[in-house]
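Next come the chains, spelled out residue by residue.
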Amino acid sequence: MATAGGGGGAGSEVRRTCLLFCFVPLLAGLCQANSVERKIYIPLNRTAPCVRLLNATHQIGCQSSISGDTGVIHVVEEEEDLKWVLTDGPNPPYMVLLEGKLFTRKLMEKLKGTQRISGLAVALSKPSPVDGFSPSVECPNDGFGIYSNSYGSEYAHCKQLKWNPEGNGLAYEDFDFPIFLLEDENETQVIKQCYWDHNRGVNGSAPAYPLCAMQLFSHMHAVTSTVTCMRRSAIQSTFSINPEVVCDPLADFNVWNTLNPLNASGKLEPGDKVIIAATRLDSRSFFWNVAPGAESAVGSFITQLAVAEALQKAPDVASLPRNVMFVFFQGETFDYIGSSRMVFDMEKGKFPVQLENIHSFVELGQVALRNSSDLWMHTDPMSQRDESIHTEVMYIYK
């Protein structure tokens, strides 16, 4: 997995502006360029872009053209307002200012299927949707989990239960126009006021020039796939004196430690068993650096840190029958790359704990944002087909 670079990494060269259309070439000959820009452009300072992401075969996300995209502003507060953008409006392309409550897959598919829009600005939805909102898919990381066609096929592909029923899959679509989130209500109001003053026709008639427009810039150099992008980056680094970063690999570190000391350069004996307590460190959002999903990850890894501290302070910790290894996985949102790498190292003998040393695996998921004091425990039905494991799990439940 890689993120598309725009000079210095994903989203590092992002510009967003609002402008009032007029005869710029003529004014440029009469005034200094910077003076004209100050009179025409109103910069938007609190925005978050949708960026380009790549995997081994596809690209997803959003990007603008290399010089940014410009369009006449049209405010869409109800779905019926789209008719002007899609068919009736005489001044395409349009830059749509969309109310947050309308940011749905159904509406986005309509915008994706037309050439009459050049970009999308989404107003922050307050309050949050009552039914919830998730741009991920109903079955996250499908095909990379523990269940497959060869192991627990009846549970593979979320056949028994959709883990994320609110998922609309928008985060895995490829959009060829820029999409930004407007985080400041005052800036959103400035754009709307510009639209009301200049772009609204009277009694259904077309508005007269000058028209208020908006420019969005979030160009990403990377296209096609991670393999293609990394190859182009390698060519740049090898043959260019001043190489341009085409994309950045998605990389980080897992963090782990054990309750009792462990020789990190050695290996455990086959009879030595450990209990792995794991959680994830990452989450993902549709908009760059806006991470409402972080609350679920933060709640779980803070809880695990508290458990580790409490056990470490226990007076008889050294006499526990089994050691406990606390693991914090990075990159789990993207095909479980953190835990997959640890398993790979275990299989290759590059990790002190081997797969046969694992007595049990406990994953701590979302424990925050609950509506009640209830906590849910899920167990693996496949491993419980072993009678001894089933007995032990039932003992824990009691």
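Residues numbered from 1 in each chain as written. Predicted model: local features only at pLDDT ≥ 70, side-chain atom pairs only at ≥ 80, totals over all residues. Heavy atoms only, no water.

### Considering the overall build of the chain
Keep this limit in mind: Per the convention used, a helix needs a DSSP run of H or I reaching at least four residues, while a strand needs a run of E reaching at least two, with both numbered from the N terminus. Per-residue accessibility, obtained with a 1.4 Å probe over protein chains only, is compared with the maximum for each type, and a residue is labelled buried under 20%, exposed over 50%, and partly exposed between these values. Contact definition: two residues touch when any of their heavy atoms are within 4.5 Å.
On a plain count of helices and strands, the chain comes out with 9 helices and 16 strands. The principal-axis extent of the C-alpha atoms belonging to the chain is close to 85 × 55 × 40 Å. Counting every position in the chain, which comprises 398 residues, the buried fraction comes to 39%. Pairs at least 24 apart in sequence give 75% of the contacts found in the chain among residues at least 6 apart.

### Description of the nonpolar core
The tendency in soluble globular proteins is for nonpolar side chains to be buried as a group. For the record, the criterion: In these notes, a set of buried Ala, Val, Leu, Ile, Met, Phe, Trp, Tyr and Cys residues joined through side-chain atoms within 4.5 Å is what counts as a nonpolar core.
Counting 28 residues, the largest nonpolar core has Phe103, Met108, Leu120, Ile179, Phe286 and Phe287 as its most contacted members. Counting residues per element, the ones that place at least two in this core are strand E7 (69–76), helix H3 (82–88), strand E8 (94–98), helix H4 (105–112), strand E9 (117–123) and strand E10 (179–182). Those residues in contact with Met108 that sit more than four places away from it in its chain are Phe103, Leu120, Leu170, Phe175, Phe177 and Ile179. Membership of the second largest hydrophobic core comes to 14 residues, among which are Ala121, Ile191, Cys194 and Cys212.

### Some details on the packing of aromatic side chains
For the record, the criterion: A pair of aromatic rings is counted whenever rings of Phe, Tyr or Trp (Trp by its six-membered ring) have centres within 6.5 Å, and the orientation is called stacked for planes under 30 degrees apart, edge-to-face for over 60 and tilted otherwise. Each ring is checked for a lysine NZ or an arginine CZ that lies within 6 Å of its centre and within 35 degrees of its normal; such an atom marks a charge sitting over the ring.
Tallying each qualifying case throughout the model produces 9 aromatic pairs. For the pair Phe103 and Phe286, a centre-to-centre distance of 5.3 Å together with 75° between the ring planes defines the contact as edge-to-face. In this pair, Phe103 sits in the loop between E8 and H4 while Phe286 sits in the loop between strand E14 (274–280) and helix H7 (294–312), placing the two residues 183 residues apart along the sequence. By relative accessible area, which is 5% here, Phe103 ends up buried. Of the aromatic side chains, those joined through ring pairs into one cluster are Phe103, Phe133, Phe175, Phe177, Phe286 and Phe287. Over the face of the ring belonging to Phe175 we find Lys112, whose NZ or CZ atom lies 5.4 Å from the ring centre. Across from the ring centre of Tyr172, 5.0 Å away, lies the NZ or CZ of Arg284, which sits over that ring.

### Quick look at the confidence of the model for the chain
Stated precisely, the cut-off is as follows: Every residue is assigned a pLDDT by the predictor, reflecting its confidence on a scale from 0 to 100.
Overall, the prediction assigns the chain a mean pLDDT of 86, with 90% of residues at 70 or greater. Across residues 5–33, confidence stays below pLDDT 50; counting only partners more than four residues off in sequence or on other chains, it has 75 contacts.

### Side note on the pattern of salt bridges
When the charged atoms of two side chains lie near each other, side chains of opposite charge can form a pair. For the record, the criterion: Any carboxyl oxygen of Asp or Glu that lies within 4 Å of a side-chain nitrogen of Lys or Arg is treated as forming a salt bridge with it.
Per the counting criterion, the structure on display carries 13 salt bridges. One salt-bridge network, in which partners are shared between bridges, spans Arg105, Glu109, Lys112 and Glu173.

### Let's talk about the sheet that holds strand E13 (residues 255–258)
What counts here: Note on pairing: DSSP must find at least two bridges between two strands before they are called paired. Angles run from 0 to 180 degrees between N-to-C directions of axes, and those axes are lines fitted to C-alpha atoms, restricted for helices to the stretch in contact.
Across the sheet, which stays open at both edges, the 4 strands sit in the order E13-E15-E14-E16 with mixed pairing between neighbours. At either margin of the open sheet sits one strand with a lone partner, and together these are E13 and strand E16 (358–363). Looking at each pair of strands side by side, their axes are set apart by 20° on average, direction ignored. Where E13 and strand E15 (residues 323–329) come together, 4 bridges link them in antiparallel fashion.

### Considerations on the state of the cysteines
Quick reminder of the rule: Counting rule for disulfides: a pair of cysteine sulfur atoms within 2.5 Å.
The tally for this structure, following the rule as stated, stands at 4 disulfides. With a sulfur-sulfur separation of 2.0 Å, Cys50 is cross-linked through a disulfide to Cys62. Its S-S torsion of about 80° marks the bond between Cys50 and Cys62 as right-handed, since a negative value means left-handed. Taken together, the residues span a long stretch of sequence, with Cys50 in the loop between strand E4 (47–49) and strand E5 (53–54) and Cys62 in the loop between strand E6 (59–60) and E7 at a distance of 12 residues. One exposure class covers both Cys50 and Cys62, and it is buried. Two residues, Cys139 and Cys158, share a disulfide whose sulfurs are 2.1 Å apart. As the torsion about the S-S bond is roughly 85°, the Cys139-Cys158 disulfide counts as right-handed. Of the two residues, Cys139 is situated in the loop between E9 and E10 and Cys158 in the loop between E9 and E10; the sequence distance between them amounts to 19 residues.

### A closer look at H4
Put simply, the test is: Directions are taken from the helix axis to each C-beta atom, and the arc is the one they span.
Taken as a whole, H4 has its buried residues at Leu107, Met108 and Leu111. On an axial view of H4, the arc spanned by its buried residues comes to 100°, and they lie on one face. Buried residues in H4 make contact with H3, E8, E9 and E10.

### Section: a nonpolar patch on the surface
Our working definition: Here a patch means residues that are over 30% exposed by relative accessible area and free of salt bridges, tied together within 9 Å if like-charged and within 5 Å if nonpolar (Val, Leu, Ile, Met, Phe, Trp, Tyr). Values of accessible area rely on a 1.4 Å probe in the Shrake-Rupley scheme; residue burial ignores everything except the protein chains shown.
On the surface, Met377, Met394, Tyr395, Ile396 and Tyr397 cluster together into a nonpolar patch covering about 580 Å² of accessible area. Position of Met394 relative to the elements: it lies in helix H9 (residues 387–397).

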